[in-house]
Amino acid sequence: MTTKKVGVIGCGLMGHGIVQIAAQAGFEVTVVETEQAFLDRGIARIEKSVQKLAQKAVEKGKKDADSAKKDAQATLARVHGSLEFEALKDCDLVIEAIIEDLPLKKDLFQTLGRVCKPEAILASNTSSFPITEMAEASGRPERVVGLHFFNPVQLMRLVEVVRTDRTDEDVFAAARSFGEAVGKTPVSCKDTPGFVVNRLLVPYMTQALLMLERGDASKEDIDAAMRLGCGHPMGPLTLTDYVGLDTTLYILEGWCERYPNEPAFEIPASLKRMVAEGKLGRKSGEGFYKWDGDKIVG
Ligand SMILES: NC(=O)c1ccc[n+]([C@@H]2O[C@H](COP(=O)([O-])OP(=O)(O)OC[C@H]3O[C@@H](n4cnc5c(N)ncnc54)[C@H](O)[C@@H]3O)[C@@H](O)[C@H]2O)c1
């Protein structure tokens, strides 16, 4: 099974990165958005990022200016935007990267099942929803996988490749090969809540919040402990601010509702309260810390 043409749905934070790495790896990529303005914004982001990489390659002496420019142009020429799902009908692999909304994703998989060629592989980049539900909605569950990239897609080296009970072996193998072809290290996982990374990370963040609520240690000391004691690049409360308190709450609410007997899924009262107060972390300027852009200022 060879993948040549790739489709991506959604050209937001994750989608634009997936489009970029696929085009850089030589795939023809069609990206579908809901509105021209969103498409233009996503493609402009890709252009900026590709040009920055070309400039870096020249500065580091890896390429001369002429070949860097030509490579960047060739990458961008492989990116095609559309507002129509019909544009995906020739794609061998279609990756969904729309907002984290399960009913919307299921609707989309139903459309993809109708529009895409029968042998096409359909993948979701969801962080927290069961791939199985989208697979069933598509009408071709054996050809559906999870391809979970990490933010920022251009830099993070991991992709989680998720199989459901019904995913065909050759589909799973092709999805892993695609991950490798775009320069990532694939890890395989069953269709479980949060897969590998978020299943470990979100309960860890929860425990840090509960520790702070109990007054066991200050936020600065909890963060310093994990940075200096475990070598993490940032502590769990900085990380929660970085991810977004609303996003963290949304994931936990979904899991608590879906898996009420899983003790690792618990919603700290402080998380609910802070989200209600509009303290969403870095993006709102305040969470556990005060932020100015990417910097903690208080
Ligand atoms: N943000 C992260 O750190 C991260 C990391 C890993 C996975 N994810 C997952 O990736 C997915 C996308 O997240 P994001 O952060 O890129 O969101 P985003 O809001 O930045 O982008 C979503 C894009 O999808 C578009 N869209 C929405 N509905 C659409 C539809 N029906 N058809 C076409 N386009 C549509 C929106 O216009 C928007 O541009 C989510 O499932 C999220 O859970 C996010």
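Reading the values: rules and limits
- Residues numbered from 1 in each chain as written.
- Predicted model: local features only at pLDDT ≥ 70, side-chain atom pairs only at ≥ 80, totals over all residues.
- Heavy atoms only, no water.
- Salt bridge = Lys/Arg side-chain N within 4 Å of Asp/Glu carboxyl O.
- Buried < 20%, exposed > 50% of the residue type's maximum accessible area, 1.4 Å probe, protein only.
- Helix = DSSP H or I, 4+ residues; strand = E, 2+ residues; numbered from the N terminus.
- Core = buried A, V, L, I, M, F, W, Y, C linked by side-chain atoms within 4.5 Å.
- Contact = heavy atoms within 4.5 Å.
- Domains from an automatic or database assignment.
- Buried area = accessible area lost by both parts, 1.4 Å probe.
- Nonpolar A, V, L, I, M, F, W, Y, C, P; charged D, E, K, R; others polar.
- Patch = residues over 30% accessible without salt bridge, like charges linked within 9 Å, V, L, I, M, F, W, Y side chains within 5 Å.
- Areas by Shrake-Rupley, 256 points an atom, 1.4 Å probe, with all protein chains shown as cover.
- Axes fitted to C-alpha atoms, helices over the stretch in contact; angles between N-to-C directions.
- Left-handed = near helix turned anticlockwise from the far one by under 90°.
- Phe/Tyr/Trp six-rings, centres within 6.5 Å; stacked < 30°, edge-to-face > 60°.

Peer 1: An account of the pattern of salt bridges is requested, with residue identities and associated values reported.
Peer 2: In this structure the tally under the stated criterion is 16 salt bridges. Its salt-bridge partner being Glu286, residue Lys279 comes within 3.9 Å of it at the nearest N-O pair. A residue is classified by how much of its surface remains accessible, and Lys279, at 25% relative accessible area, is partly exposed. Since its relative accessible area comes to 26%, Glu286 is described here as partly exposed. Between Arg282 and Asp294 there is a salt bridge whose closest N-O contact spans 2.5 Å. You can see Arg282 sitting in the loop between helix 11 (269-276) and strand 9 (291-292) and its partner Asp294 sitting in the loop between strand 9 and strand 10 (295-296), a full twelve residues away along the chain. The class for Arg282 is partly exposed, based on a relative accessible area of 30%. The network of salt bridges with shared partners includes Arg273, Glu277, Lys279 and Glu286.

Peer 1: Give me the lowdown on the nonpolar core, citing residues and values where you can.
Peer 2: Nonpolar side chains tend toward joint burial in soluble globular proteins. In terms of nonpolar packing, the biggest core is built from 36 residues, with Ile95, Leu147, Phe149 and Phe178 touching the most fellow members. Per element, the largest residue contribution to this core is six residues, and it comes from helix 1 (residues 13-24). When near neighbours in sequence (up to four residues on either side) are disregarded, Leu147 contacts Leu93, Ile95, Ala123, Ser124, Asn125, Val159, Glu160, Val161, Ala175 and Phe178. The next biggest cluster of nonpolar side chains, apart from the first, holds 20 residues, and it includes Cys116, Ala135, Val144 and Cys189.

Peer 1: Give a description of the domain arrangement of the chain that names residues and reports values.
Peer 2: Each assigned domain of the chain is listed here: domain 1 (5-190) and domain 2 (199-286). For domain 1 versus domain 2, the separation of C-alpha centres amounts to 29 Å. Contacts between domain 1 and domain 2 engage seven residues on the former and five residues on the latter. For the domain 1 and domain 2 pair, buried surface summed over both sides reaches about 430 Å², with 52% attributable to carbon and sulfur atoms. For domain 1, the biggest contributors to the area lost against domain 2 are Glu100, Ser128 and Pro130; these three give 63% of the whole. Scanning the region where domain 1 abuts domain 2 turns up one salt bridge. Between Arg258 and Glu133 there is a salt bridge, with the nearest N and O atoms lying 2.8 Å from each other. Broken down by class, the residue content of the side of domain 1 that touches domain 2 amounts to three nonpolar, one polar and three charged.

Peer 1: Describe unusual backbone geometry, naming the residues involved and giving the relevant values.
Peer 2: The step from Asn151 to Pro152 runs through a cis peptide bond, and the omega angle for that step is -5°. If you trace the backbone, Pro152 turns up in the loop between strand 6 (144-149) and strand 7 (158-163). The phi dihedral of Phe195 is positive, around 55°, even though this residue is not glycine. Structurally, Phe195 is set in the loop between strand 8 (185-190) and helix 7 (197-214). Judged by relative accessible area, which is 4%, Phe195 ranks as buried.

Peer 1: Got a sec to walk through a nonpolar patch on the surface? Specific residues and values, please.
Peer 2: A grouping of Val187, Val196 and Leu200 is seen on the molecular surface, where their side chains present a nonpolar patch of about 240 Å² in accessible area. Take Val196: it is sitting in the loop between strand 8 and helix 7.

Peer 1: Tell me about the packing of helix 7 against helix 8 (residues 219-230), residues and numbers included.
Peer 2: It is at 10 Å that the axes of helix 7 and helix 8 come closest, and there the two elements cross at 145°. Our pair here, helix 7 against helix 8, has a crossing hand that is right-handed. Contact residues: Tyr204, Ala208, Met211 and Leu212 in helix 7; Lys219, Ile222 and Met226 in helix 8. A class-by-class count of the residues in the contact of helix 7 with helix 8 yields six nonpolar, no polar and one charged.

Peer 1: Tell me about the packing of aromatic side chains, residues and numbers included.
Peer 2: Under the defined criterion, the tally for this structure stands at four aromatic pairs. For the ring pair Phe27 and Phe178, a centre distance of 5.2 Å and an interplane angle of 55° mean the geometry is tilted. In this pair, Phe27 is assigned in the loop between helix 1 and strand 2 (28-32) and Phe178 in helix 6 (residues 169-181), connecting sequence segments 151 residues apart. Side by side, Phe27 and Phe178 carry an identical accessibility label, which is buried. Here Trp255 and Phe265 contribute two aromatic rings whose centre-to-centre distance is 4.7 Å and whose plane-to-plane angle is 35°, an arrangement assigned as tilted. Of this pair, Trp255 sits in helix 10 (residues 245-258) while Phe265 is found in the loop between helix 10 and helix 11, placing the two residues ten residues apart along the sequence. Per residue, the accessibility class of Trp255 equals that of Phe265, and both read buried.

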